[in-house]
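# Structural overview
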Amino acid sequence: MFPRSTEATTAFEVARVERGRLARPNGWWGMAVFVATEATLFGTLIGTYFFLRFDTAEWPPPGVPEPKLTLPLVLTGILVATSIPVQLAVRAASRGRLGSARAALLLAAVVQAGYLGMQLHLFVHDVHEFPPSGSAYSSIYFTMLGAHHLHVFLGMLLILWILLRTATGLTSYRMNGLRATAFYWHFINVLALCVVGSQLSPLA
């Protein structure tokens, strides 16, 4: 029988530790605190959006086109779907299947990159149509969308960082990083639903 490689042995040991884990690691709780602060930030942005909306007679104001319905919903659906491969990556890694975990993360990163590229294209197009300085609607609209796009980019960087770190194997430290990253990515997708809901609320 051939001996296990170092990477396979490490992945096997991590899987055994994960099966015996009774509590969340400190890294996960650190990410939970960070997510709570980000949720507060977006709660403020979305609250401001609706405060301005209910305090304005016409929303969007005259001269600003109504938001499109189909494309934002399709793009958001695609983004939210990336939570599936990210969670599958956590599950595969916790069972010692590093190759499958990395493949799932790579798939998620490719889809996320496509989403972000398309969204940035639409963002620039909208800036030229109704610049942020044009009205209260434009200001909060671009602030809210820009903040979310920035968080999507940050989530992608975390996933790429995990891919880079696991290229030489899986350790308990890297497994904790993967769990924390997955938690953050699921939060970003919840934000995506809240942001697109606010964005499309004038059509209701």
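Residues numbered from 1 in each chain as written. Predicted model: local features only at pLDDT ≥ 70, side-chain atom pairs only at ≥ 80, totals over all residues. Heavy atoms only, no water.

### Points about the layout of surface pockets
Just so we agree on the cut-off: For cavity detection a 1 Å grid was placed over the protein atoms alone, and a set of points counts as a cavity when a 1.4 Å probe fits there but cannot get out; an open set counts as a pocket when protein lies on both sides within 12 Å along at least five of seven lines, with lining residues being those that have an atom within 4 Å of a point. Grid points are joined across faces, edges and corners, and a volume is the space filled by probe spheres set on the points. Runs of E in the DSSP output that reach at least two residues are strands. Runs of H or I that reach at least four are helices, and both are numbered from the N terminus. Nonpolar residues are Ala, Val, Leu, Ile, Met, Phe, Trp, Tyr, Cys and Pro. Charged residues are Asp, Glu, Lys and Arg, and all others, Gly as well, are polar.
Put simply, the largest pocket is a space of about 320 Å³. In this structure, the largest pocket is lined by 19 residues; those nearest its centre are K68, L122, D126, Y141 and Q199. Contributing elements (two or more residues each) for the lining of the largest pocket: α3 (70-81), α5 (98-129) and α6 (136-165). The residue makeup of the lining of the largest pocket, split by class, is eleven nonpolar, four polar and four charged.

### Here we look at the packing of helix α2 (residues 26-54) against α6
Condition: Angles here are taken between N-to-C directions and fall from 0 to 180 degrees, while the axes themselves are lines fitted to C-alpha atoms, restricted in helices to the stretch in contact. When describing relative orientation, an angle under 35 degrees is termed roughly parallel and one over 145 degrees roughly antiparallel, while 65 to 115 degrees is termed roughly perpendicular and anything else oblique. Handedness of a crossing follows from how the near helix is turned relative to the far one, being left-handed for an anticlockwise turn of less than a right angle and right-handed for a clockwise one. Whether two residues are in contact is decided by their heavy atoms, any of which lying within 4.5 Å being enough.
The contact between α2 and α6 brings their axes to 9 Å, and the two run at 160 degrees. The angle between the axes of α2 and α6 places the two elements in the roughly antiparallel class. α2 and α6 meet at a crossing whose hand is left-handed. The residues of α6 that touch α2, namely those facing M31, F34, E38, L41, F42, L45, I46, T48, Y49 and L52, are A136, Y137, I140, T143, M144, A147, H148, H151, L154 and L158. When the residues that make up the contact of α2 with α6 are grouped by side-chain class, the tally is 15 nonpolar, four polar and one charged.

### Considerations on a nonpolar patch on the surface
Rules: Exposure above 30% relative accessible area and no salt bridge define the residues that can form patches, which grow by joining like charges within 9 Å and nonpolar side chains of Val, Leu, Ile, Met, Phe, Trp and Tyr within 5 Å. Only the protein chains shown count as cover for residues, with accessible areas throughout obtained via the Shrake-Rupley method and a probe of 1.4 Å. Criterion for a salt bridge: a side-chain nitrogen of Lys or Arg within 4 Å of a carboxyl oxygen of Asp or Glu. Buried, partly exposed and exposed residues are distinguished by accessible area as a fraction of the type maximum, computed with a 1.4 Å probe on protein chains only: under 20%, between the cut-offs, and over 50%, respectively.
On the surface, F34, L150, F153, L154, L157 and L160 cluster together to form a nonpolar patch covering roughly 520 Å² of accessible area. Among the elements that line the nonpolar patch, the one with the most residues is α6, at five residues. Within the secondary structure, L150 is located in helix α6. Accessibility expressed as a relative area gives 55% for L150, which makes it exposed.

Function cannot be inferred from these measures alone, as they are strictly geometric.
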